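In case you want the letters, here they are:
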There are 2 protein chains.
Amino acid sequence: MTERVVVIGGSAGGMATASQARRLRGPDDLRIVAFERGNYTSYSACGIPYWVGGLVQNADDLIARDPATFRDEFAIDVRTHHEVTAIDLNRREVVARDLRGGGEHREPFDTLVYATGAVPRVPDWARGGPEGIFGVQTLDDGAALLAWLDAEPTPRRAVVAGGGYIGVEMAEALVRRGLDVTLVERRDEPMSTVDPDMGALVRAALCELGIDVRSGREIHGLVASDGRVRAVRTDASEIPADVVVLGLGVRPNNALARTAGLPLGSTGGVLVDPRMRVQGLDGVWAAGDCVETRHRLTGQPVHIPLGTYANKQGRVAGINIGGGYLTFPGVLGTAVTKVCELEVGRTGLLEREARQAGYDYAVTRVESHNQAGYLPDAAPMTVKLLAERRTGLLLGAQIVGRSHAAKRIDALAVALWNEMTVEEMAGLDLGYAPPYSPVWDPVLIAARKAADAVRAAGC
Amino acid sequence: MTERVVVIGGSAGGMATASQARRLRGPDDLRIVAFERGNYTSYSACGIPYWVGGLVQNADDLIARDPATFRDEFAIDVRTHHEVTAIDLNRREVVARDLRGGGEHREPFDTLVYATGAVPRVPDWARGGPEGIFGVQTLDDGAALLAWLDAEPTPRRAVVAGGGYIGVEMAEALVRRGLDVTLVERRDEPMSTVDPDMGALVRAALCELGIDVRSGREIHGLVASDGRVRAVRTDASEIPADVVVLGLGVRPNNALARTAGLPLGSTGGVLVDPRMRVQGLDGVWAAGDCVETRHRLTGQPVHIPLGTYANKQGRVAGINIGGGYLTFPGVLGTAVTKVCELEVGRTGLLEREARQAGYDYAVTRVESHNQAGYLPDAAPMTVKLLAERRTGLLLGAQIVGRSHAAKRIDALAVALWNEMTVEEMAGLDLGYAPPYSPVWDPVLIAARKAADAVRAAGC
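Residues numbered from 1 in each chain as written. Chains lettered and ligands numbered in written order. Predicted model: local features only at pLDDT ≥ 70, side-chain atom pairs only at ≥ 80, totals over all residues.

1. Let's talk about the overall build of chain A
The secondary structure content of chain A amounts to 12 helices and 25 strands. Across its three principal directions, the C-alpha atoms of chain A cover 65 × 55 × 40 Å. Evaluated residue by residue, chain A yields a buried proportion of 56% over its 459 residues. (Helix = DSSP H or I, 4+ residues; strand = E, 2+ residues; numbered from the N terminus. Buried ≥ 20, exposed ≤ 12 C-beta atoms within 10 Å, placed from the backbone.)

2. Brief notes about the sheet that holds strand E15 (residues 238-240) of chain A
All names here are of chain A. Strand order across the open sheet formed by three strands is E13-E14-E15, with antiparallel pairing between neighbours. Each edge of the open sheet carries a strand with a single partner, namely strand E13 (219-225) and E15. Strand-to-strand twist of the sheet, defined as the mean angle between neighbouring strand axes without regard to direction, takes the value 30°. As paired elements, E13 and strand E14 (residues 228-234) share six bridges and run antiparallel to each other. (Pairing = 2+ DSSP bridges. Axes fitted to C-alpha atoms, helices over the stretch in contact; angles between N-to-C directions.)

3. With respect to the environment of Gly 167 of chain B
Tracing the backbone through its elements, the reader meets Gly 167 of chain B in helix H5 (residues 165-176). Not counting chain neighbours up to four residues away, the residues in contact with Gly 167 of chain B comprise Val 160, Gly 162, Leu 183 and Gly 247 of chain B. (Contact = placed C-beta atoms within 7 Å.)

4. Examining unusual backbone geometry
Cis geometry marks the peptide bond from Glu 152 of chain A to Pro 153 of chain A; its omega dihedral reads -10°. Looking at where Pro 153 of chain A falls in the secondary structure, it is placed in the loop between helix H4 (139-150) and strand E10 (157-161). With phi around 55°, Met 191 of chain A is a residue other than glycine that occupies positive phi space. When you line up the elements, Met 191 of chain A lands in the loop between strand E11 (180-185) and helix H6 (196-208). Residues other than glycine seldom take positive phi values, yet Glu 419 of chain B does so here, at roughly 55°.

5. With respect to the interface of chain B and chain A
Contacts between the two partners involve 51 residues from chain B and, on the opposite side, 51 residues from chain A. Mapped onto the side of chain B that touches chain A, the elements with two or more residues apiece are helix H8 (307-321), strand E21 (335-339) and helix H10 (409-417) of chain B. No other element matches the seven residues that H10 of chain B contributes to the side of chain B that touches chain A. In the side of chain B that touches chain A, the residues fall into 32 nonpolar, 12 polar and seven charged. (Nonpolar A, V, L, I, M, F, W, Y, C, P; charged D, E, K, R; others polar.)

6. As for the relation of the copies chain B and chain A
What relates the pair of chain copies is a rotation about an axis plus a shift along that axis. Least-squares fitting of chain B to chain A yields an RMSD of 0.0 Å, with the superposition described by an axial translation of 0.0 Å and a rotation of 180°. Given the turn and translation reported, the copies of this chain are related as if by a two-fold rotation axis. The position closest to the rotation axis in chain B is occupied by the C-alpha of Ala 411 of chain B, lying 2.0 Å away. Interface overlap between copies: 100% of the residues of chain B at the interface are likewise at the interface in chain A, consistent with a symmetric, same-surface contact. (Least-squares fit on C-alpha atoms with pLDDT ≥ 70 in both.)

7. Observations regarding the sheet that holds strand E18 (residues 284-286) of chain A
All names here are of chain A. Taken together, five strands build an open sheet; the order of strands is E3-E2-E1-E7-E18 and the sheet is parallel. A strand with exactly one partner marks an edge of an open sheet, and here the two such strands are strand E3 (76-79) and E18. Strand-to-strand twist of the sheet, defined as the mean angle between neighbouring strand axes without regard to direction, takes the value 20°. Where strand E7 (residues 111-114) lies against E18, three bridges are found, and the strand directions are parallel.

8. Some points on the packing of helix H1 (residues 12-24) of chain A against helix H8 (residues 307-321) of chain A
When two helices pack together, you describe them by how their axes are tilted relative to each other and by the distance separating the axes. All names here are of chain A. Contact pair H1 / H8: the axes reach a minimum separation of 7 Å and the direction vectors enclose 35°. The two elements H1 and H8 cross, and the hand of that crossing is right-handed. Across from Ala 12, Gly 13, Ala 16, Thr 17, Ala 18, Ser 19, Gln 20, Ala 21 and Leu 24 in H1, the residues of H8 making contact are Gly 307, Ala 310, Asn 311, Gln 313, Gly 314, Arg 315, Ala 317, Gly 318, Ile 319 and Ile 321. (Left-handed = near helix turned anticlockwise from the far one by under 90°.)

9. Re the pairing of E21 of chain B
Residues and elements named next belong to chain B. Among the five residues in E21, five count as buried, and that is most of the element. Along E21, one buried face is formed by Ala 335, Thr 337 and Val 339 and the opposite face, lined by Val 336 and Lys 338, is buried too. Pairing of E21 with strand E22 (residues 342-348), which is carried by five bridges, proceeds in the antiparallel orientation. Residue pairing in the sheet places Val 339 in a bridge with Leu 342 of E22. In sequence, E21 turns back onto E22 through a hairpin of two residues, with Cys 340 there showing a positive phi of about 55°.

10. Looking at the domain arrangement of chain A
All names here are of chain A. According to the domain assignment, chain A contains domain 1 (3-38 + 45-119 + 251-321), domain 2 (122-248) and domain 3 (335-454). Between the C-alpha centres of domain 1 and domain 2 the distance comes to 29 Å. On the domain 2 side, the residues contacting the 10 residues of domain 1 number 15 residues. Within the side of domain 1 that touches domain 2, the residues separate by chemical class into seven nonpolar, three polar and no charged. (Domains from an automatic or database assignment.)

11. Quick word on the confidence of the model for chain A
On average, residues of chain A score 95 in pLDDT, and 100% of them are at 70 or above. For this predicted complex, the interface score ipTM comes out at 0.95, while the overall pTM is 0.96. (pLDDT = per-residue confidence, 0-100.)

12. Observations concerning the nonpolar core
In this structure, Tyr 114 and Ala 286 of chain A together with Tyr 114 and Ala 286 of chain B are the most contacted members of the largest nonpolar core, which totals 312 residues. Not counting residues within four places of it along the chain, the set of residues in contact with Tyr 114 of chain A comprises Ile 8, Ala 257, Leu 262, Val 270, Val 278, Val 284, Ala 286 and Cys 290 of chain A. (Core = buried A, V, L, I, M, F, W, Y, C linked by C-beta atoms within 7 Å.)

13. Focus: the pairing of strand E2 (residues 30-35) of chain A
Residues and elements named next belong to chain A. Counting buried residues along E2, five of its six residues qualify, which places the element largely inside the surrounding structure. Pairing analysis gives six bridges linking strand E1 (residues 3-8) to E2, with the strands arranged parallel. Bridge pairing in E2 places Val 6 opposite Val 33. Handedness of the E1-H1-E2 crossover: right-handed. Summarising the sheet, E2 and E3 pair through four bridges and their orientation is parallel. In the strand pairing of E3, Ile 32 is matched with Ile 76. (Right-handed = clockwise from strand over helix to strand, strands pointing away.)

14. Details of H5 of chain B
Residues spaced three or four apart along an α-helix point in a common direction, a consequence of the helix completing one turn every 3.6 residues. Residues and elements named next belong to chain B. Taking 1.5 Å per residue, 12 residues should reach 16 Å; H5 reaches 17 Å between its end C-alpha atoms and fits that length. Counted residue by residue, H5 has 10 buried out of 12 residues, so it is predominantly covered. Tyr 165, Ile 166, Gly 167, Val 168, Glu 169, Met 170, Ala 171, Glu 172, Ala 173 and Leu 174 are the residues of H5 that are buried. On its buried face, H5 sits against helix H2 (48-52), strand E10 (157-161), strand E11 (180-185), helix H6 (196-208), strand E16 (243-246) and E21. Immediately beyond the C-terminal end of H5, within one or two residues, lies Gly 178, with a positive phi of roughly 95°. (Expected span 1.5 Å × (residues − 1).)

15. Digging into helix H12 (residues 442-457) of chain B
The end-to-end C-alpha distance of H12 of chain B is 22 Å, a good match for the 22 Å that 16 residues give at a rise of 1.5 Å each. Taken together, the buried positions of H12 of chain B are occupied by Pro 442, Val 443, Leu 444, Ala 446, Ala 447, Arg 448, Ala 450, Ala 451 and Val 454 of chain B.

16. A few points about the environment of Val 336 of chain A
Residue placement: Val 336 of chain A occurs in strand E21 (residues 335-339). Accessibility expressed as a C-beta count within 10 Å gives 24 for Val 336 of chain A, which makes it buried. Considering only alpha carbons, one finds Val 336 of chain A and Glu 185 of chain A, 151 residues apart in sequence, at a separation of 19 Å. Apart from the residues lying within four places of it in its own chain, the contact partners of Val 336 of chain A are Val 344, Gly 345, Ala 406, Lys 407 and Ile 409 of chain A together with Gly 431, Tyr 432, Ala 433 and Tyr 436 of chain B.

What follows is the structure in structure tokens.
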């Protein structure tokens, strides 16, 4: 008998699950229906800033696979503009509403994949207010923002709320479009996904781009007239704004799960077992930004919404649904970004995270170069390591620099994954040639100095 | 009583040892004398192609620390233009000859550091021949080559013998100087430090630069007149040459060691224990291109002359001489290079090395991109992995691509160091953002496909 799979959510987590399952089981064996509320499937949300900034010409370029491709090549029945409004675990069916007016219907399932992603954090001041306020979570959001930017009267002044990845990338994109941009960040430094001392380097790069960075400030309200936003209000001042972009982070889209009785973790994400099965529920799986996952280092639950995790979790869920066996190994919080020419990478724990987790650690920060110092293009690179006192275990790493800086974090992420000590890391056999590093790679210099710091702190 | 340390060789291995020992023990405790045959200490031999190519203006830029710095800041007595001609282990003294005519003297030691580096392989046809033939092993070599290139009659046509790192980098440097360059490589493809299928990609880049690549060819002789080289002869043809650069690799500089009775390994390198002490000889240490080391994966002895190893071994030897304790953990043969815009990286075993070591392995080769495919600068990247059949252990990796390709090898080197399987690697938490990779990093795609290949081959 054909097994019926229903997927809720047509973005990375859901469609990676569906296509992976399909690779293992044919359409006669496995019937797959996927419901997507929006217009698009399987796209790069991370690409939205590049679309807005004009580096990418149109939304289609960001789409890895459209519904027709899923239908024709994967025999997956994707229904866009369909919102699932309820899950009935007892009757094993979902209620799906056609958002273009086609009413509701019930779709039975043997296997359910919950992949609703995340929803942006929308502060009170941004709710139900005037026009000109945009999230950048979905391609539909991006399209709405672009339409606003292109419409008369042409917006000239932008405020970006939040200085995380999305905020910083959007600020740069809006500068590229010629807008005057102010970035408002609640913490002391932008890019709070790195420590403040590293964030200060990012702030400098943002200022060089001409972005007005207001950190340590929070937006409390709006000024509007004629139904359009005119300014935002912080505790310190009023900042004119013809457009406001929200980059305040996201939370798991768990409303449907909560109502249906799927177990939720402390982060609000759906609780899954290592195979991505929803805890305690046979035949119910989840993947992507809607799930809670485990930090490999601390063992603690975390919610870190990244496309790369959604894809990996989808692969795991799909292989298991397909009859195979695979577990998701947890995350380290590795992330990279680029601000103009500045590259930023991190993995593992920041200082505040390490403290919160109860670690006692030594901090090492080294300034080195991305090339041999004698080459004309050599540029500075800062590497910061946190290592546990006494054991010397690496706890976290951050890198800020120019070309060839950020992806150096990968070597550190693999070291962290394997629970290496900084002393052992100092002996690692990393690649060296003058166009890529001094003879001691900045990562190795940092490891060496961290080993010294651990010895000094270890008594 | 002051311990007397004599260092033979003023380049990376020797001076890293000396300066590390000095950090731990002051001049009253440890008297350090270093003999260097040439004019320079502690320089980047890897930088010579960039000096010859004009990216670096003068030799001084390549010098990390000159003899005056060692004397003034490290209290290390460096004697350049001094060649050590004999080691007397019984009397514990070396014989040093002043090459500028000052005769010989005997220098006693309590502790000896053998760090004579490597000597280039010079084929018979290049010995005692006409002028115009150069190695590029030392700064003195580089200076001699530059003097020849700048003298009348101005050389116009260059032949580079050997298509390894040095050969390829020198070929590019000579093109930058405006010479017509032919690269002659004995094997089927240049860059034999990667597999031939990857070397073919390097060949294409060399040809784009206008370099005439003659592979599968060996130089057998020279044509000369008036004491100057005019052409080289291969089995196929005669290639005009006003200058010939040797890039045929190096071997350990072990003549002095052999005469003195230091133990040599099968590779010709001095045998050391994990602390870099010469095997069986108390108070005698060795570091750098003159030693034999251990491949971490195969456990076999190897001789891989790289500046990064010399520096690491020097750190280990120096810490041990200084009264500390540290071992050298062996090598993986990680290396990176750049040919014009093409980046090349490798770690672990090539196919021929894996076969020789007796491994049965699955090969995976994937073509991906260095950025999200929708970004305008996205460029192709090829990743090749070797994984052991049945166990799935990573055995080796090679990468060829454009910007941000080569140093991705570091993450693979750390995975190899930690004996990861390709299946576990597919779950690694590497950094993702559109300017750095597709949502599945090429390294992860390769790991995923390698895991599939291992499963398929494992039956």
